[in-house]
Amino acid sequence: MKPITIAVPKGRVSKVLVPLFEKAGLDGSVLLTDDRTLIRESADGRLRFLLLKPDDVPTYVESGVAELGISGRDTLMERAYDLYQPVELGIGKCRMVVAAPDGADIPAVPRVATKYRRIAAEFYASKGVQPEIIYVQGSVEIAPLVGLSDVIVDLVETGATLRENNLVERETICEISSVLVANRALFKLRHKEISPILRRFQDAVEG
Ligand code: PRP
């Protein structure tokens, strides 16, 4: 039988993925192999993994080249994807925050550096503020330190990056974690194979 293809993120979350797969009774051990192959198959031939940049996961699932994917809520919020989002996985937990240099006075209409333009714009719009949004791709914490922006909107996990760069969290926008996403059409087409996988993940999260 054709394997079920799962788009998985490379990086931080990948370390906690394997134990989650294990808990769900699925063989994800091939994700631990230390090589550069980007397409991998489980030993039992049931699962095929695409190892992607986290932001690309929804694109592969929405297009239908993968049935399932594991994506951060941040990515899903930032761009509008038409995906079935059946299971909140409870891994990769972090939060989206507004942060600024410790002790800084923040203007009422701040300049905001972020990778998350939409999340930032919607957050400020909900407060009736239309800030200048400055798009940066990473190492966002530098922006207010050198005067590119007044604040940043970014993810905080341990808080170490903020602390070590003398920034403090000013506001929490929302909690973020990883979500199991599914292609809507393929979910219907391969329902018999996919729904037990979703159930296993749901049980693993609840257990
Ligand atoms: C993320 C995020 C913060 C950092 C927060 O960046 O953008 O910079 O992690 O984690 P912490 O609270 O545990 O320090 P990432 O390491 O993914 O790299 P990036 O700057 O290239 O986005």
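Residues numbered from 1 in each chain as written. Predicted model: local features only at pLDDT ≥ 70, side-chain atom pairs only at ≥ 80, totals over all residues. Heavy atoms only, no water.

**Quick look at the sheet that holds strand E2 (residues 39–41)**
And then number 1: Reading across the sheet, the 6 strands line up as E2-E3-E1-E4-E11-E5 and stay open at both edges, with mixed pairing between neighbours. Strand pairing shows two members of the sheet lacking a second neighbour, E2 and strand E5 (84–88), which therefore form its edges. Going from strand to strand, the sheet's axes swing by 25° on average, the running direction of each strand aside.
And then number 2: By the bridge criterion, 5 bridges tie strand E4 (residues 68–72) to strand E11 (residues 178–182) in an arrangement that is antiparallel. Paired with Gly69 across the strands is Val181, a residue of E11.
And then number 3: Those strands touched by helix H8 (residues 191–206) are strand E1 (4–9), strand E3 (47–52), E4, E5 and E11, and its axis lies near 30° from that of E5. (Pairing = 2+ DSSP bridges. Helix = DSSP H or I, 4+ residues; strand = E, 2+ residues; numbered from the N terminus. Axes fitted to C-alpha atoms, helices over the stretch in contact; angles between N-to-C directions. Contact = heavy atoms within 4.5 Å.)

**Considering the packing of aromatic side chains**
And then number 1: The tally for this structure, following the rule as stated, stands at 4 aromatic pairs.
And then number 2: Between Phe21 and Phe49, the aromatic rings sit 5.5 Å apart at their centres with planes inclined by 80°, giving edge-to-face as the arrangement. Of this pair, Phe21 sits in helix H1 (residues 14–23) while Phe49 sits in strand E3, and the two are 28 residues apart along the sequence.
And then number 3: On the accessibility criterion, Phe21 (0% relative accessible area) is buried.
And then number 4: Ring geometry for Phe123 versus Tyr124: centroids 5.3 Å apart, planes at 75°, classification edge-to-face. Across this residue pair, the class does not change: Phe123 and Tyr124 are buried.
And then number 5: The structure contains a cluster of three or more aromatic residues connected by ring pairs, namely Phe21, Phe49 and Phe201. (Phe/Tyr/Trp six-rings, centres within 6.5 Å; stacked < 30°, edge-to-face > 60°. Buried < 20%, exposed > 50% of the residue type's maximum accessible area, 1.4 Å probe, protein only.)

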